[in-house]
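Topology and contacts: notes
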Amino acid sequence: MNFFLAALGVLGVASSGPLIAATLGATSVSALAIAFWRNAIGAAVMATPTLIREPAQFGRVTKAEFRWSVLAAVALALHFACFITSLQLTSVAAATALVCLQSAWIAVFQLFRGTRHRWQVLAGLGIAFGGVVAITGFDMGSSPEALTGDLLAVAGGALAGLYTLAGGKARQSMTTGTYTTLCYGMCAALVAMLALLGGQPLVGFEAAGWLGIAAITVCAQLIGHTAFNHLLATMSPLLVSMIILLEIPGAALLAAMFLEEVLPAGTYAGLVLILVGLAVVVLGQKPGRAAWRGRDKGTGNADGPPERPLAELGTD
């Protein structure tokens, strides 16, 4: 069963980039419309069980929890704006690999906060960012547009890392339903404001456009990330983090099969470097001893997340 869920999760998250690129390329749907609707629908889906079972949870949100949730929502909104726009400018494979650097960015942010990492983490960071140099270098030679897309994807990865860290702070005392409802809801509101300022419509699309938005939300958001969040209850966070890395080659294969995307050999080399570097970063992380002790003794919060350095799922 776990193998089936892992395969379903990888297929779900890997489909995000190709589905977004296909929807943007074949319909009148705007980049911010995709970001708005997947978050608005996600907030509604996550809010429903909480409102039915314990609606008072929303009234118990503290000022600190709300501040961290706001920061996470802002980072998530900007992440979506950068990543989805990058898919209009560069290849799906490059954009997915570059935005998946979120794990590396978390390690970098932790370094600035005084966290001491093992040498394997630092080596992995070097390998991963070497892949970034390879991809952006080849795209610089192909077109300024592709390079701009690469840089937006890198920024999207950094913002995803910030979203994860802020969400981790909020999630220390909030339930999953409460946090995701607040975060996704505020993110949708921020994206709507960005769309209004940028003149991007959120409605009025043809049937194919709405079908694309629905497919992105169901496959990437509800199926892919739900599968991984379920696996975290039955598998180690380290193993789940490693499985998630399959999103990089998965997105590249799907883009090659369905979008007929062909990349220079150097770009594929960059994808491999990023994949290897991120794997080294994941393997170099030390699992939180307190979290494992709590899990072993059965004292951990059943609704709260385990302590996982690469933590929250659910950006792309």
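Predicted, not measured: the structure shown is a model, and the values here were computed from it.

Cut-offs used in this document
Residues numbered from 1 in each chain as written. Predicted model: local features only at pLDDT ≥ 70, side-chain atom pairs only at ≥ 80, totals over all residues. Heavy atoms only, no water. Helix = DSSP H or I, 4+ residues; strand = E, 2+ residues; numbered from the N terminus. Buried < 20%, exposed > 50% of the residue type's maximum accessible area, 1.4 Å probe, protein only. Contact = heavy atoms within 4.5 Å. Areas by Shrake-Rupley, 256 points an atom, 1.4 Å probe, with all protein chains shown as cover. Core = buried A, V, L, I, M, F, W, Y, C linked by side-chain atoms within 4.5 Å. Phe/Tyr/Trp six-rings, centres within 6.5 Å; stacked < 30°, edge-to-face > 60°. Axes fitted to C-alpha atoms, helices over the stretch in contact; angles between N-to-C directions. Parallel < 35°, antiparallel > 145°, perpendicular 65-115°, else oblique. Nonpolar A, V, L, I, M, F, W, Y, C, P; charged D, E, K, R; others polar. pLDDT = per-residue confidence, 0-100.

1. Overview of the overall build of the protein
- Scanning the protein for helices and strands turns up 14 helices and zero strands.
- Its helices and strands in sequence order give the protein the pattern α-α-α-α-α-α-α-α-α-α-α-α-α-α, from N to C terminus.
- Evaluated residue by residue, the protein yields a buried proportion of 52% over its 316 residues.
- Considering only residue pairs separated by 6 or more positions, the protein has 84% of its internal contacts joining residues 24 or more positions apart.
- Total accessible area computed for the protein in this model is approximately 14200 Å², and 70% of it derives from carbon and sulfur atoms.

2. A closer look at the nonpolar core
- Counting residues in hydrophobic clusters, the biggest one holds 70 residues, and the most contacted among them are Ile-84, Leu-101, Ile-274 and Leu-278.
- Those residues in contact with Leu-101 that lie beyond four places of it in its chain are Ala-128, Phe-129, Val-132, Ile-274 and Leu-278.

3. Some details on the environment of Ala-72
- With respect to the helices and strands, Ala-72 occurs in helix H4 (residues 63-86).
- Those residues within four positions of Ala-72 in sequence are excluded, and the remaining contacts are Tyr-163, Ala-166, Gly-167, Tyr-179 and Cys-183.

4. Describing the packing of aromatic side chains
- For the structure shown, the criterion picks out five aromatic pairs.
- Here Phe-36 and Trp-37 contribute two aromatic rings whose centre-to-centre distance is 4.9 Å and whose plane-to-plane angle is 80 degrees, an arrangement assigned as edge-to-face.
- A relative accessible area of 16% places Phe-36 in the buried class.
- Residue classification places Trp-37 among the partly exposed residues on the basis of a relative accessible area of 22%.

5. Notes on the packing of helix H7 (residues 119-142) against helix H8 (residues 144-170)
- At a closest axis distance of 7 Å, the pairing of H7 and H8 adopts a crossing angle of 155 degrees. Relative to H8, the element H7 lies roughly antiparallel. In this structure, H7 uses Val-132, Ile-135, Thr-136, Asp-139, Met-140 and Ser-142 to contact H8, whose residues at the interface are Ala-146, Leu-147, Asp-150 and Val-154.
- A breakdown of the residues in the contact of H7 with H8 according to their chemical character gives six nonpolar, two polar and two charged.

6. Thoughts on the environment of Gly-130
- When you line up the elements, Gly-130 lands in helix H7.
- Residues Gly-130 and Gly-277, 147 residues apart in the sequence, show an inter-C-alpha distance of 8.7 Å.

7. Here we look at the confidence of the model for the protein
- Overall, the predicted model of the protein reaches an average pLDDT of 87, with 89% of residues at or above 70.
- Contacts from residues 288-313, a stretch scored under 50 in pLDDT, to residues over four places away or in other chains number 40 contacts.

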